[in-house]
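# What the coordinates show
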Amino acid sequence: PAAPAGPIARPYRQRGELDQARLLGLLAGRLADYRAIVRRTTADRLADEVTAALARRGARRIVIPAGLGRPVPATGVEFVPDDNLPAHLLDGCDGVITTAAVAIAETGTIVLDGSAGQGRRAITLVPDYHLCIVHARQVVALVGEALAILSPERPLTWISGPSATSDIELERVEGVHGPRTLEVILVEPRPVPAARARPRR
């Protein structure tokens, strides 16, 4: 039998050093670099932001995965639960709303693992519009930190911006094998109000 292997040197960075505000700013910037639409809000304003996003998009039929629930009390929008909808019905919907498992700030990547609120891979590949809700607590700095959270036994989908490819002439084409438009709502902690000075007696 072979001798046991010695410890593996890991000279690369294993944890980020940014505070949360800078971490969220980095993620938003990297997502924008990939031509994703980024909206930043707080938990108490999330429903309004989702409603506004769907209105701007003109969406009327939106797929929702199991575990997401009804995202907003939107009028004029039909939320279609995914019950293994076939591809042609998914293609007839205007988009999909999901949550995420983790987001990586340095690479501008959102990872889905099929958990509740995320659904199966097909619903985020067939519709032309993907609205993804990412909470600040789910954001990490580095790929290694994300891998430590994710389970390799789950179906992982790594998303860095809208689906895009380039031909030999470097002409960028979006929406070839996934959504043409990725919109991310980044839910940040509510700012803590500054303490008021007590009046002197």
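Residues numbered from 1 in each chain as written. Predicted model: local features only at pLDDT ≥ 70, side-chain atom pairs only at ≥ 80, totals over all residues. Heavy atoms only, no water.

### Observations regarding the sheet that holds strand β12 (residues 181-188)
Taken together, 6 strands build an open sheet; the order of strands is β1-β12-β7-β4-β2-β3 and the sheet is parallel. The open sheet is flanked by β1 (37-42) and β3 (78-81), the only strands paired with a single partner. When strand polarity is set aside, the average angle formed by the axes of neighbouring strands in this sheet is 25°. Relative to β12, strand β7 (residues 129-135) runs parallel, the two sharing 7 bridges. Pairing of His-130 across the sheet is with Leu-182, part of β12. The strands that helix α2 (residues 46-57) touches are β1, β2 (61-64), β3, β4 (95-98), β7 and β12; relative to β7, the one it contacts most, it runs at about 165°. (Pairing = 2+ DSSP bridges. Helix = DSSP H or I, 4+ residues; strand = E, 2+ residues; numbered from the N terminus. Axes fitted to C-alpha atoms, helices over the stretch in contact; angles between N-to-C directions. Contact = heavy atoms within 4.5 Å.)

### Observations regarding the environment of Leu-89
Looking at where Leu-89 falls in the secondary structure, it is placed in helix α3 (residues 87-91). Each C-alpha atom of the pair Leu-89 and Pro-127 lies 9.4 Å from the other, and the pair is 38 residues apart in sequence.

### Description of the pairing of strand β6 (residues 109-112)
Of the two faces of β6, the one carrying Thr-109 and Val-111 and the one carrying Ile-110 and Leu-112 are both buried. Where strand β5 (residues 102-104) folds back onto β6 in an antiparallel hairpin, the turn is made up of 4 residues, including Gly-108, whose phi is positive at roughly 65°. Note that β6 and strand β9 (residues 157-159) share 3 bridges and pair antiparallel. Bridge pairing links Leu-112 to Thr-157 in β9. (Buried < 20%, exposed > 50% of the residue type's maximum accessible area, 1.4 Å probe, protein only.)

### Regarding a nonpolar patch on the surface
Judged by side-chain polarity, Val-143, Leu-147 and Trp-158 come together as a nonpolar surface patch covering roughly 270 Å² of accessible area. Along the polypeptide, Leu-147 turns up in helix α4 (residues 143-149). Note on Leu-147: relative accessible area 49%, which makes it partly exposed. (Patch = residues over 30% accessible without salt bridge, like charges linked within 9 Å, V, L, I, M, F, W, Y side chains within 5 Å. Areas by Shrake-Rupley, 256 points an atom, 1.4 Å probe, with all protein chains shown as cover. Salt bridge = Lys/Arg side-chain N within 4 Å of Asp/Glu carboxyl O.)

### Here we look at the layout of surface pockets
The volume enclosed by the largest pocket comes to roughly 150 Å³. Leu-125, Ile-159, Gly-161, Ser-163 and Pro-179 are, among the 13 residues lining the largest pocket, the residues nearest its centre. Ranked by the residues each element gives to the lining of the largest pocket, the list is headed by β9, at 3 residues. Residues of the lining of the largest pocket, tallied by class, amount to 6 nonpolar, 7 polar and no charged. (1 Å grid on protein atoms, 1.4 Å probe; cavity = no way out; pocket = protein on both sides within 12 Å on 5 of 7 lines; lining within 4 Å. Points joined across faces, edges and corners; volume = space filled by probe spheres on them. Nonpolar A, V, L, I, M, F, W, Y, C, P; charged D, E, K, R; others polar.)

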